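# Understanding the architecture of this molecule
Below, each chain spelled out in residue letters.
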Amino acid sequence: MSLPMHRLTPLFDVDAIAGRVAALGRELREAHADHPLTVIVVLKGSFVFAADLVRALGDLDVRMEFLGVRSYEGTTSTGQVEITHDLRRSIAGEHCLVVEDIVDTGLTLRFLCDTLRQRDPASLSVATLLDKPSRRKVAFTPDHVGFTIPDAFVVGYGLDLDQRYRHLPYVAVYDPGHPESP
Ligand code: IMP
C-alpha cells in the first residue's frame, strides 16, 4: 500500500532546503572557526537535516554524537520528554551544537539543554531546521534556524507522523483530512 500523498502540501522543496542548509553551514563555520565542535544529533527527526548540515561544515574539527529523545505520539506532544539513547561519553569542556528537526512547544529542547548544561560543556548552541514560535509553551530561542513556519503539522526530510514520511526529500504540511478517507 502506498502513502496517502494527497494529504501533503509541499512547503519547502529540495532546492529551498539545500540553500538554507548551505547558509547555516556558513554561519556555523564562522561561529566555530577557532575550536573543535561536538555535534549532537537529536534522533530520530534530525537525522536527514544533520547529515546535510555536517557536510556543509567544511574543514571544521567536528565530532559527532547521537542522542535519542521521545516526546510525541501522532500529531500531539505528550509534554513529557524521555531520553531513549544517551551520550556515551562526557562533553565537559567541549563546544557543543545540538541539531534538531523542529522546535514546537520548546519542551524538548528546554529539557535537553538543561540536561546537557549540567554536564559542563564549554558552550552549547542549537541549530534547528524548522521553528514554530507560535506554539511555544516554554521560552526557548534556537541560535540557528533554517525556516520559521506557522502552526501546522509538517512531515518529510526526517520529520514523521507515526514513523512515516521521514524519507521524503522535501518538507510538506500534513492535512489529516476526514478520519475515514484513505
Ligand atoms: P517540542 O518539544 O514540542 O518543541 O517538540 C519537538 C519535537 O516534536 C520535534 O523534535 C519533533 O520530533 C516533534 N514535532 C513537533 N512538531 C512537529 C511537526 O510539525 N511534525 C513532526 N514532528 C513534530
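You'll find the structure just up there.
Residues numbered from 1 in each chain as written. Predicted model: local features only at pLDDT ≥ 70, side-chain atom pairs only at ≥ 80, totals over all residues. Heavy atoms only, no water.

Moving on, we come to the site of the ligand. Neighbouring the ligand are 16 residues, the closest being Asp 101, Asp 104, Thr 105, Thr 108 and Val 154. A distance of 2.9 Å separates an oxygen atom of the ligand from a polar atom in the backbone of Asp 104. One of the backbone N or O atoms of Val 154 is found 2.6 Å from a nitrogen atom in the ligand. Within the complex, the protein chains bury 93% of what would otherwise be the 490 Å² of accessible surface of the ligand. When contributions to the shell around the ligand are tallied by element, the ones reaching two or more residues are β5 (95–103) and α3 (107–117). (Near = heavy atom within 4 Å. Polar contact = N/O pair within 3.5 Å; in protein donor to acceptor, adjacent residues only side chain to side chain. Areas by Shrake-Rupley, 256 points an atom, 1.4 Å probe, with all protein chains shown as cover. Helix = DSSP H or I, 4+ residues; strand = E, 2+ residues; numbered from the N terminus.)

What follows is about the packing of aromatic side chains. Evaluated as defined, the whole model comprises two aromatic pairs. Where Phe 12 meets Phe 147, the ring centres are 3.8 Å apart and the plane angle is 15°; that geometry is what we call stacked. Placement of the pair is Phe 12 in strand β1 (residues 8–12) and Phe 147 in strand β7 (residues 144–148), with a sequence separation of 135 residues. On the basis of relative accessibility, which here comes to 15%, the residue Phe 12 falls in the buried class. Note on Phe 147: relative accessible area 13%, which makes it buried. (Phe/Tyr/Trp six-rings, centres within 6.5 Å; stacked < 30°, edge-to-face > 60°. Buried < 20%, exposed > 50% of the residue type's maximum accessible area, 1.4 Å probe, protein only.)

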